[in-house]
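What follows is the residue order along each chain.
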Amino acid sequence: MSHLNLKKQSRYTVLGVMSGTSLDGIDLCVSSFEFDSSWTFNIQIAKTVKYSEKWKYRLKTAIDLNASDLENLNEDYTQFLAEVIQTFITTYSDVKLDAICSHGHTVFHEPRLGKTLQIGNLPALATLLNRTVVCDFRSQDVAFGGQGAPLVPIGDALLFSNYDYCLNLGGFANISFAQNDQRIAFDICPANIVLNHYVSSLEMAYDSEGQIAAKGTVCHPLLDALNALEFYKQNPPKSLGLEWVQSEVFPLIETYNLEVSDLLRTVVEHCAIQISNTLKKYHLKNGLLTGGGVYNTFFMQRISELFGRDLEPENPTIVEFKEALIFGFLGVLKLRNEPNCLRSVTGASHNHSSGCIYFPEKTR
């Protein structure tokens, strides 16, 4: 249920909740947003709740489920998410929240087919938490012909306008910047979603500081094949999902039968080339870098070397929780019935205020 006649406030305190494709965990970020000619924000508390191995497996394999099993997973995940959020609020937050603003977890995202699904966005979440919930931010944009991604650029534009660009190195590398008075944003290439997948064969969650990749050797035939993928020839708006990685990237990599270190080294080089090419193409200089990939020292070094400019991450809280912060902000904009999806970014038919607002069942 969406209620669009909510009274606008000058200040909101919300909990932003985000689960990314890299399955690092659930990011929770309590922030206040204040509007006085422009928006300002303050992060009050932010934590990541790691997934259990059971939940990692269920989420990783969700894409293969039939409709009935997927529905059951959605219900289970909504219940699990409510428990995680309630525990967080009880433990860490004693402030009055105007809303819980939750992204959910993406199972599939195929905007060209008009399909996107983020589980954990059921109306039951509001009732389980007994709070107002704003969620399901992508579906409406896809229905309007958009990519449904990336959604963070409206926050980049309104909260981080002092930077030329915002680059996030998460499961995918994505970028947002202003051009000709419009916000342009798109996914550049895969990042941690591929690196973490292959380092898991060594029973590691990630390649700490890129130490394994740094010892490897670039496989140039694979590098050339990755750089030749059709996606890189497309103009924005464009976005990537797990389906693309599974159908285009993994099969290509696996035809080369490489040692893990050489594989990681080649993927790092591929991603660094795509990212540095993008920064140079659009003449971008001063950037805000966020996402878990900024802790991959070797990855950052290769981007910097190819770009010809040192890239340095900012405040660690912003690095790790920017997406949760901005999904909280998307919720605030939805509560105000103001645009939180930009057609210049997603390719939708028009700017719009996306998401659903749910209230606890018993208060209706």
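See the structure printed just above.
Residues numbered from 1 in each chain as written. Predicted model: local features only at pLDDT ≥ 70, side-chain atom pairs only at ≥ 80, totals over all residues. Heavy atoms only, no water.

(A) Local environment of empty space enclosed by the protein. Counting across every chain of the model gives one cavity of 30 Å³ or more. Each pocket or cavity is described by its volume, and for the largest cavity that value is around 30 Å³. In terms of lining residues, the largest cavity is bounded by P150, L151, P153, I154, N340, C341, L342, V345 and T346. The set of elements that each furnish at least two residues to the lining of the largest cavity consists of α5 (153-159) and α13 (343-346). (1 Å grid on protein atoms, 1.4 Å probe; cavity = no way out; pocket = protein on both sides within 12 Å on 5 of 7 lines; lining within 4 Å. Points joined across faces, edges and corners; volume = space filled by probe spheres on them. Helix = DSSP H or I, 4+ residues; strand = E, 2+ residues; numbered from the N terminus.)

(B) Spatial organisation of the sheet that holds strand β12 (residues 356-358). Reading across the sheet, the six strands line up as β3-β2-β1-β4-β7-β12 and stay open at both edges, with mixed pairing between neighbours. Edge positions in the sheet fall to β3 (38-49) and β12, since each of these pairs with one other strand and no more. Across this sheet, the average inter-strand angle for adjacent strands is 25°, counted without regard to direction. In this sheet, β12 lies alongside strand β7 (residues 133-135) in antiparallel orientation, the contact comprising three bridges. Following the sheet pairing, C135 is matched in β12 by C356. Against the sheet, helix α2 (residues 67-92) makes contact with β1 (11-19), β2 (26-36), β3 and β4 (99-102), and its axis sits at roughly 65° relative to β2, the strand it touches most. Packing of helix α12 (residues 316-335) onto the sheet brings it into contact with β1, β2, β3, β4, β7 and β12, and relative to β2 it is tilted by some 55°. (Pairing = 2+ DSSP bridges. Axes fitted to C-alpha atoms, helices over the stretch in contact; angles between N-to-C directions. Contact = heavy atoms within 4.5 Å.)

(C) Examining the pairing of strand β10 (residues 182-190) more closely. Counting buried positions along β10 yields eight of nine residues, so the element is predominantly enclosed. Here strand β9 (residues 172-179) folds back onto β10 in antiparallel fashion, the turn holding two residues, of which N180 has a positive phi close to 50°. (Buried < 20%, exposed > 50% of the residue type's maximum accessible area, 1.4 Å probe, protein only.)

(D) Fine view of the environment of S19. Its location among the elements puts S19 in strand β1. A relative accessible area of 4% places S19 in the buried class. Remark: the alpha-carbon pair of S19 and S102, spanning 83 residues in sequence, is separated by 8.8 Å. Once residues within four sequence positions are removed from consideration, S19 is found in contact with G25, Y51, Y77, H103, G104 and H105. Reaching out from S19, the side chain makes a polar contact with the side chain of Y51 at a distance of 2.6 Å. (Polar contact = N/O pair within 3.5 Å; in protein donor to acceptor, adjacent residues only side chain to side chain.)

(E) Structural detail: the nonpolar core. Judged by nonpolar contacts, the single largest core of 52 residues is most densely connected at Y165, L169, I175, V194, I253, I275 and F299. In terms of residues, this core owes the most to one element, helix α10 (residues 260-281), which gives nine residues. Setting aside anything within four residues of it in sequence, one finds I175 in contact with Y165, C166, L167, I184, A185, F186, I188, T278, L279 and L284. Counting 37 residues, the second largest nonpolar core, distinct from the first, contains V14, F137, F160 and F321. (Core = buried A, V, L, I, M, F, W, Y, C linked by side-chain atoms within 4.5 Å.)

Take it as geometry only, folks, not as evidence of what the structure does.
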